[in-house]
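# Structural features, examined
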Amino acid sequence: METVRTCVEFTCFLCGFFAFSKLKPNYLKLIPLLLTLDICNELIIVPYTLQIHNINQNIGYNIFSFFEMSVWYYIFLHINRKSYLKKWILFLAFICFAYSYIEIIYLRGWRELHIDSLRLFNVSMIFFSCNYLYKILKEEYHELFVDALFWLSSACVIYHSMLFLNFTTMSENGYWVFKNADDVFYFLSDLGNIFYYLLLTIAFCSCIYYNQISTKTSSLK
């Protein structure tokens, strides 16, 4: 499962790299940049700090989480820039960052994941994603494949649902006494990531396809 996850993640990264100039709206270009930072954190920063300096890996994950939260709140802020949800996104973003700061500095420290504030981030991403999916569901006709936001929202629903479950089990010490608890944890983590990167790849492909259609249409005029 981990090998499949790595292959899907690398494929997603390459697809995002080739689709970068074609990503519309422009704020979607933040996602390939975030993926690049994620890969650097996973493959370079975390292993280097563990092996060379013996630094706790959660420090790297905690730092990366602030970039991740910033990018996704910014994306959904733009998606809902003309909606009443804009104020709620700003409010929840402020609460999430403030809670993360308090949890890291005063409650857990940098060596532990700030899982409570991350769960708030998970829930907010699921809510905003479901709101977009519900909005297009009410339309009489909607071209799903060329709608990158549909695939992004679907990716967020699955990914953050899995993360929320895993963060919840991490906060419950009694869960880890069960047999195969570790296997279930890593299975859900890998499954969530596979769907996440797969759906992001489809989102990038939809942007490439839409760009080609638009180019051909313009040339025929």
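The coordinates are above.
Residues numbered from 1 in each chain as written. Predicted model: local features only at pLDDT ≥ 70, side-chain atom pairs only at ≥ 80, totals over all residues. Heavy atoms only, no water.

### Digging into the overall build of the protein chain
Helix and strand counts for the protein chain stand at seven helices and zero strands. Along its sequence from the N terminus, the protein chain presents helices and strands in the succession α-α-α-α-α-α-α. Computed over the C-alpha atoms, the radius of gyration of the protein chain is 19 Å, within 12% of the 17 Å expected from 2.2 N^0.38 for a compact globule of 221 residues. If you line up the protein chain on its principal axes, its C-alpha atoms span 65 × 40 × 30 Å. A total of 221 residues make up the protein chain; the buried ones form 41% of that total. For the protein chain, long-range pairs separated by at least 24 residues make up 71% of all intrachain contacts whose partners lie at least 6 apart in sequence. Within the structure as shown, the protein chain displays about 12800 Å² of accessible surface, and the carbon and sulfur contribution to it stands at 67%. (Helix = DSSP H or I, 4+ residues; strand = E, 2+ residues; numbered from the N terminus. Rg over C-alpha atoms; globule rule 2.2 N^0.38 Å. Buried < 20%, exposed > 50% of the residue type's maximum accessible area, 1.4 Å probe, protein only. Contact = heavy atoms within 4.5 Å. Areas by Shrake-Rupley, 256 points an atom, 1.4 Å probe, with all protein chains shown as cover.)

### Looking at helix α2 (residues 30–51)
When the terminal C-alpha atoms of α2 are compared, their 30 Å separation across 22 residues agrees well with the 32 Å that a helix rising 1.5 Å per residue should span. Maximal helix bending in α2 amounts to about 45°, located at Asn41. All of the buried residues along α2 are Ile31, Pro32, Leu34, Leu35, Asp38, Ile39, Asn41, Val46 and Thr49. (Expected span 1.5 Å × (residues − 1). Bend = angle between axes of the 7 residues up to and from the residue.)

### Details of the packing of aromatic side chains
Enumeration according to the criterion identifies 15 aromatic pairs in this entry. Between Phe76 and Phe128, the aromatic rings sit 6.2 Å apart at their centres with planes inclined by 35°, giving tilted as the arrangement. A residue pair is termed long-range when its members are at least 10 positions apart, and Phe76 in helix α3 (residues 57–79) and Phe128 in helix α5 (residues 115–137) qualify at 52 residues. As far as the burial class goes, Phe76 and Phe128 line up, both buried. Pairing Phe127 with Phe128 gives two aromatic rings, centres 5.6 Å apart and planes at 65°, and the pair type is edge-to-face. On the basis of relative accessibility, which here comes to 44%, the residue Phe127 falls in the partly exposed class. (Phe/Tyr/Trp six-rings, centres within 6.5 Å; stacked < 30°, edge-to-face > 60°.)

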